[in-house]
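An overview of the molecular structure
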Amino acid sequence: MLFVKKLPWTSLSILFATHCVFGWLIAASELIADADRPWVLWLMGAIYIVFIDLALTAPLTLIQSVYSSWLKSDTRAFISVIVGAFLAVLILCWIHVFVRILVLLSAGALVRLDLQVANFGEWKAFSVLVIFSLVGYGLGIIAQQIMSSIL
């Protein structure tokens, strides 16, 4: 019971709501309407959510070791700058798509910070993030399917 009381419910409700909206948008997209197997796209969205949660809970030392070993060479650093500039232009050109991704990232980061303040370990934080994210995503898809069948 103490575990439940320690949870940051405000930020978890924001995370849940953002993933519900994301699930609704995925289920209502034109790609789903044209797809023979919409569950494949829903599964891709769920895998994307798990990767976001994993990236938010990954230890900082692991990320630093990967980047520091990659950037030891000037050529690799130059390639990283070019790829980063290309990605920045891509994000700016498709800002309407990346705003949704940034909202998911910011909601997840808020929950991760609150879980870190509450002294949750990495695996517990990852578990809480994945559970609330995937349940919200799934409920968003289900709600959109129900509403589209009614209307």
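Residues numbered from 1 in each chain as written. Predicted model: local features only at pLDDT ≥ 70, side-chain atom pairs only at ≥ 80, totals over all residues. Heavy atoms only, no water.

Here we look at unusual backbone geometry
What counts here: A run of H or I in DSSP becomes a helix once it reaches four residues, and a run of E becomes a strand once it reaches two; helices and strands are each numbered from the N terminus.
Of note in the backbone geometry, Asn-119 takes a positive phi value of approximately 65 degrees without being a glycine. Mapping Asn-119 onto the fold places it in the loop between helix H7 (95–117) and helix H8 (122–150).

Considerations on helix H4 (residues 38–57)
We count it as follows: In this scheme, a helix's expected span is set at 1.5 Å multiplied by one less than its residue total. The rule is simple: take the accessible area with a 1.4 Å probe, protein chains only, and divide by the maximum for that residue type; under 20% is buried, over 50% is exposed, in between is partly exposed. In this description, one arc is meant: the one made by directions from the helix axis to the C-beta atoms.
Helix length check: H4, at 20 residues, gives a terminal C-alpha distance of 29 Å against a target of 28 Å (1.5 Å per residue), a fit within 8%. Listed as buried for H4 are Gly-45, Ala-46, Ile-49, Ile-52, Asp-53 and Thr-57. Seen end-on, H4 carries its buried residues on one side only, within an arc spanning 125 degrees. The exposed set on the far side of H4, more than 90 degrees from its buried face, consists of Met-44 and Phe-51.

Here's the deal with a nonpolar patch on the surface
Rule in force here: Grouping into patches uses exposed residues only, defined as over 30% relative accessible area, and leaves out salt-bridged ones; the cut-off is 9 Å for like charges and 5 Å for nonpolar side chains (Val, Leu, Ile, Met, Phe, Trp, Tyr). Only the protein chains shown count as cover for residues, with accessible areas throughout obtained via the Shrake-Rupley method and a probe of 1.4 Å. Whenever a carboxyl oxygen of Asp or Glu lies within 4 Å of a side-chain nitrogen of Lys or Arg, that contact is scored as a salt bridge.
A cluster of nonpolar side chains, namely Val-21, Trp-24, Leu-25, Ile-131, Val-135, Leu-139, Ile-142, Ile-146, Met-147, Ile-150 and Leu-151, defines an oily patch on the protein surface of about 1,100 Å² accessible area. Looking at the nonpolar patch, the elements that each hand over two or more residues are helix H2 (9–28) and H8. Looking at which element gives the most residues to the nonpolar patch, the answer is H8, with seven residues. When you line up the elements, Ile-131 lands in helix H8.

Remarks on the nonpolar core
This is how the line gets drawn: Side-chain atoms within 4.5 Å link the members of a nonpolar core, which is a set of buried Ala, Val, Leu, Ile, Met, Phe, Trp, Tyr and Cys residues. Contact definition: two residues touch when any of their heavy atoms are within 4.5 Å.
Ranked by size, the top nonpolar core spans eleven residues in total: Leu-7, Leu-12, Leu-15, Ala-107, Val-111, Leu-115, Ala-118, Phe-120, Ala-125, Val-128 and Leu-129. Counting residues per element, the ones that place at least two in this core are H2, H7 and H8. Other than its neighbours up to four places away in sequence, Ala-107 contacts Ile-14, Leu-15 and Thr-18. Listed in part, the eight residues of the second largest apolar core include Ala-27, Ile-52, Tyr-137 and Ile-141.

By themselves, these observations are geometric and do not establish any function.
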